[in-house]
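Structure at a glance
Residues per chain are reported as follows:
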Amino acid sequence: MTFSSSYLFSLTTFIYMGAAALYLIHWIFRVKKVGFLATVVTVGGIVIQTVGIGLRWIESYQLGYGHAPLSNLYESLVFFSWVTIVVYLIIEWQVKQRVIGAFATPFASLSMAYASFSPNIEDKIQPLIPALKSNWLIAHVVTCFLGYASFAVACGLGIMYLIKNRFSGASEGIMGVIPDCKILDELIHQTIVFGFLWLTLGIITGAIWANDAWGTYWSWDPKETWSLITWFVYATALHARFVRGWAGRRIAYISIIGFASVMFTYFGVNFLLSGLHSYGAQ
Amino acid sequence: MKASSSTYQDTSIWRFFSSVRLAVFLLIILAITSIVGTVIPQGESLQFYLERFGPGFFRIIKVLHLNDTYHSWWYLILLGLFSTNLVICTLRRLPFTLKLSRRDNLSVDSGRLLKMPFKKDWEIKEELDNDSTQSIISAFKKVAGKFHERSDVDGGRLFLAERGKWSYWGVYGLHGSILIIFVGALVGLFLGFKGSVMLPEGETIDHIVNRQTGEHIPLGFSVRCNRFNISFYDNGAPKEYRSDLTVLNDDKEVFHKSIVVNDPMEYKGVTFYQASYRAIPEVTVQVAKSDTLKRSMTISAFQKALWSEEQLSFGLMQYMPSVHGRPAARIRVGDQEGRSGNFWLLKGNEKEFQRGENLYRISLSNAKQRYLTGLQVKKDPGVWIVWLGCTVLIVGFTVVFWVPHRRMWLWIGRRKGKTVVILSGQTNKNKLQFEKDIRKIEEALNSSLGARQ
């Protein structure tokens, strides 16, 4: 079967890698047409990936399992890259700055590459264990990953800010095309606000689910605690704007630290710590 | 002298607790210290920590309660400080918010309007007739919405369309929601309980065991497990754990529910969750002393079966579901004097054994798995307060970040023998959308006034 979801996902991996390369070329060599091409390729990628996700959903029904493709590490990585691209495309469309693509699309292509090429990741469709059989599965995963993806983009913007800030004198060349620090600061803030709402909803839906499944909405399980740590970090970013001397560079740093915390919540907890979310490691 | 210095101190403590700087500091400290409990395993025995971390680090763990980090004195102090900061920070904003929400935005003069972030004015030589004035006002209303009017402001008419003035209250909801969640957690802690029970199929229980203290908690009613069932996928992974439960009140069946993971049973505020299970073997043996004196005995693991008339006790020591395709059980037979012996029984085969003078024949007639269902049981009257807090948190957050306070003014008056029209506006959020909207009014006014300038 060539026209399967896994085939489409492999294709997506290469398309996103290509798109990231095109965005980089567009930034470094400042060729307008390459930027346009990068957007076209990215849009093509998201269409193929969306079809892939839909197909995988159908395939799980054909296997008799019948669940949304959001149930293990492989599927979550695919979904993470999907949301990252969606969030990025919305920002590109709103801000009309393709340079951001060079800092945002690599997250999506890395996620797909990890899902596709890592030998430790099971890419087969598996049946749902009893604990995952809940209507809250979709709500919980979707909200969490909307948060994660926004924070990935915010991290990319934070890196841009620090690069731009470092070479603040240069108004020409590859630094010249990076948007102004003031604009980046506002974008970082907006993206964090957006991500924070989804992270909060992700934590709440997780709590409701845990209350349904285990009878405790909060049990200080490492995954829960790390999501709270991430929440604290971004809450810091949102309040730091009101403290003199914290806006700008420090918030850019927080956007990077925050994303590191997201990554640890996502992977670190599964691989390094033990807890209730162990099915995420398979 | 003394009084003033104490007042000064009061205000300085007040100031300390009301600063956003402290909030940022506490958030960072909470983020960092919360890591501890995810790295050090929580809730183990003290012996475990001593063996794992050695005596030096063990002392630190004991003093700082790192075996239960999130309920330790210092973590609770941090959360207490955080709440205090939250309350005082929010209270300090109150006079400011009150001023903002009470401010009469119609009491501005035309000069102030020209200092707004967005402003545009038109000057026309002739006086505006009623129709043109009306068309300007309706163009303003079409985009700006409902408005208030005050006549005789700087000798002209002032119109104000204001939206989202209430949004300044959003931050109180947002911050208050955290406190609501804390209250909900405390209510659950003091008025609720958490426990568990292993309930064999067919048996009834009227109390549960407290998870932390091991105490028995009476339920006030009884619960019977009628049946436990487990099903598997083709690949061997578990598909469903299901317990069929009946609630009894004074031996009367009052409620029934079949529960699975993610679908618990709730009765009188107590919730029963499918948590685990255990399978124990159960065999039935036929014991005969003579052709007329015989008995059928059911023996479960960990339980003795008695034939009291003959003063014999039977126990199940070992069970194998399939020996040469047949179930086999190792049966222990004891008598009054404490003598005992054991032997293997294969289904279909008969065995003889002697106790005192008597000779008995025994055979295995039936063997099956008997299940115990593991239930988590909890009562938490605070959970709805927590959900209320979560709802307020999301609504408050949305208001704080996405509901703008927008003001649009229109002034029509005369100055130095000319008719002057001023359009101005201000918003505290989403300036892009605001500018788009107010430009629409500007364009409409341009087309009706521009030609006459």
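Residues numbered from 1 in each chain as written. Chains lettered and ligands numbered in written order. Predicted model: local features only at pLDDT ≥ 70, side-chain atom pairs only at ≥ 80, totals over all residues. Heavy atoms only, no water.

Looking only at helices and strands, chain B features 10 helices and 19 strands. Compactness check: chain B gives a C-alpha radius of gyration of 39 Å against a globular reference of 22 Å for 453 residues, more than 25% above the reference. Burial statistics for chain B: of 453 residues in total, 42% are counted as buried. Taking the contacts inside chain B whose residues are at least 6 apart along the sequence as the reference set, 56% of them involve residues at least 24 apart. Entry remark: accessible area of chain B is about 25100 Å², with carbon and sulfur atoms responsible for 54%. Taken as two groups, the 61 positive and 42 negative side-chain charges of chain B have centres that lie 7 Å from each other. (Helix = DSSP H or I, 4+ residues; strand = E, 2+ residues; numbered from the N terminus. Rg over C-alpha atoms; globule rule 2.2 N^0.38 Å. Buried < 20%, exposed > 50% of the residue type's maximum accessible area, 1.4 Å probe, protein only. Contact = heavy atoms within 4.5 Å. Areas by Shrake-Rupley, 256 points an atom, 1.4 Å probe, with all protein chains shown as cover. Lys, Arg positive; Asp, Glu negative; His and termini not counted. Charge placed at Lys NZ, Arg CZ, Asp CG, Glu CD.)

The next subject is the overall build of chain A. From N to C terminus, chain A includes 9 helices and 0 strands. Helices and strands in chain A line up, N terminus first, as α-α-α-α-α-α-α-α-α. The C-alpha radius of gyration computed for chain A amounts to 19 Å, which stays within 12% of the reference 19 Å derived for 282 residues, consistent with globular compactness. Oriented by its inertia axes, the alpha-carbon framework of chain A measures out at about 60 × 50 × 30 Å.

Contacts between the two partners involve 46 residues from chain A and, on the opposite side, 44 residues from chain B. Taken together, chain A and chain B are joined by 0 salt bridges. In this assembly, chain A and chain B are joined by 10 residue pairs in polar contact (both at pLDDT 80 or more). Mapped by element, the contributors of at least two residues to the side of chain A that touches chain B are α7 (181–213) and α8 (222–240) of chain A. It is α7 of chain A that provides the largest number of residues to the side of chain A that touches chain B, a total of 14 residues. Looking at the side of chain A that touches chain B, its residues break down into 34 nonpolar, 9 polar and 3 charged. (Salt bridge = Lys/Arg side-chain N within 4 Å of Asp/Glu carboxyl O. Polar contact = N/O pair within 3.5 Å; in protein donor to acceptor, adjacent residues only side chain to side chain. Nonpolar A, V, L, I, M, F, W, Y, C, P; charged D, E, K, R; others polar.)

Using the criterion set out here, one finds 19 salt bridges over all chains in the structure. Here R98 of chain A ties to E92 of chain A by a salt bridge, and the two come within 3.4 Å at their closest N and O atoms. Owing to a relative accessible area of 26%, R98 of chain A belongs among the partly exposed residues under this scheme. Note on E92 of chain A: relative accessible area 8%, which makes it buried. Two residues, K257 of chain B and D263 of chain B, come together in a salt bridge whose shortest N-O distance is 3.1 Å. What makes D263 of chain B partly exposed here is its relative accessible area of 34%.

A word on the nonpolar core. F145 and F259 of chain A together with Y75 of chain B are the most contacted members of the largest nonpolar core, which has 123 residues in total. It is helix α5 (residues 136–166) of chain A that provides the largest number of residues to this core, a total of 16 residues. Non-local contacts of F145 of chain A, meaning those with residues more than four positions away in its chain, are made with S76, F79, F80, V83 and Y266 of chain A. (Core = buried A, V, L, I, M, F, W, Y, C linked by side-chain atoms within 4.5 Å.)

Residues and elements named next belong to chain A. Once the domains are mapped, chain A shows domain 1 (1–122) and domain 2 (129–282). Each of domain 1 and domain 2 has a C-alpha centre, and these two points are 19 Å apart. Domain 1 puts 27 residues into the contact, and the matching count from domain 2 is 34 residues. Across the domain 1 to domain 2 interface the summed buried area is about 2600 Å²; carbon plus sulfur atoms make up 84%. When the buried surface of domain 1 facing domain 2 is broken down by residue, L73, F80 and F103 rank first, second and third, together holding 21% of it. Our count for the domain 1 to domain 2 interface comes out at 0 salt bridges. The interface formed by domain 1 and domain 2 includes 2 residue pairs in polar contact (both at pLDDT 80 or more). Among the elements of the structure, α1 (5–29), α3 (73–95) and α4 (101–117) are those that each provide at least two residues to the side of domain 1 that touches domain 2. Counting residues per element, the side of domain 1 that touches domain 2 draws most heavily on α3, which supplies 11 residues. Along the lines of polarity and charge, the residues of the side of domain 1 that touches domain 2 split into 20 nonpolar, 5 polar and 2 charged. (Domains from an automatic or database assignment. Buried area = accessible area lost by both parts, 1.4 Å probe.)

On to the sheet that holds strand β15 (residues 340–346) of chain B. Backbone-to-backbone hydrogen bonds join strands into a sheet, with any given pair of strands oriented parallel or antiparallel. All names here are of chain B. What the 4 strands build is an open sheet, ordered β12-β13-β14-β15; its pairing is antiparallel. Edge positions in the sheet fall to β12 (305–307) and β15, since each has one partner strand and no second. With strand direction ignored, the average angle separating the axes of adjacent strands in the sheet is 30 degrees. Pairing between strand β14 (residues 326–335) and β15: 7 bridges, direction antiparallel. When the sheet's bridge partners are listed, R330 is paired in β15 with W344. (Pairing = 2+ DSSP bridges. Axes fitted to C-alpha atoms, helices over the stretch in contact; angles between N-to-C directions.)

Once that is clear, we can look at the state of the cysteines. Two cysteines joined by a covalent bond between their sulfur atoms form a disulfide. All names here are of chain A. Per the counting criterion, the structure on display carries 0 disulfides over all chains. Looking at C155, it has no disulfide partner, and the nearest cysteine sulfur is the one in C181, 16 Å off. When its relative accessible area of 5% is taken as the criterion, C155 is described as buried. Judged by relative accessible area, C181 falls into the buried class, the value being 18%. (Disulfide = S-S within 2.5 Å.)

Residue and element names in this part refer to chain B. Here 5 strands make up an open sheet; going across it, the order is β1-β19-β18-β3-β2 and the pairing antiparallel. Unpaired on one side and paired on the other, β1 (118–124) and β2 (148–153) mark the two borders of the sheet. Strand-to-strand twist across the sheet, computed as the mean angle between neighbouring axes with direction ignored, equals 15 degrees. One ladder, built from 4 bridges, connects β2 with strand β3 (residues 156–163); its direction is antiparallel. Bridge pairing in β3 places E149 opposite F159. Across the sheet, helix α7 (residues 130–144) lies against β3, β18 (406–415) and β19 (418–427), angled at about 170 degrees from β18, the strand it touches most.

What follows covers the packing of α7 of chain A against helix α9 (residues 383–402) of chain B. In contact at an axis separation of 11 Å, α7 of chain A and α9 of chain B are set at 165 degrees when each is read in the N-to-C sense. As judged from the angle between their axes, α7 of chain A and α9 of chain B are roughly antiparallel. By crossing handedness, the relation of α7 of chain A to α9 of chain B is classed as left-handed. Here α7 of chain A contributes H189, V193, F194, F196, L197, T200, L201, I204, A207, I208 and N211 of chain A to the contact with α9 of chain B, which in turn contributes V383, W387, C390, L393, I394, F397, T398, F401 and W402 of chain B. A breakdown of the residues in the contact of α7 of chain A with α9 of chain B according to their chemical character gives 16 nonpolar, 4 polar and no charged. (Parallel < 35°, antiparallel > 145°, perpendicular 65-115°, else oblique. Left-handed = near helix turned anticlockwise from the far one by under 90°.)

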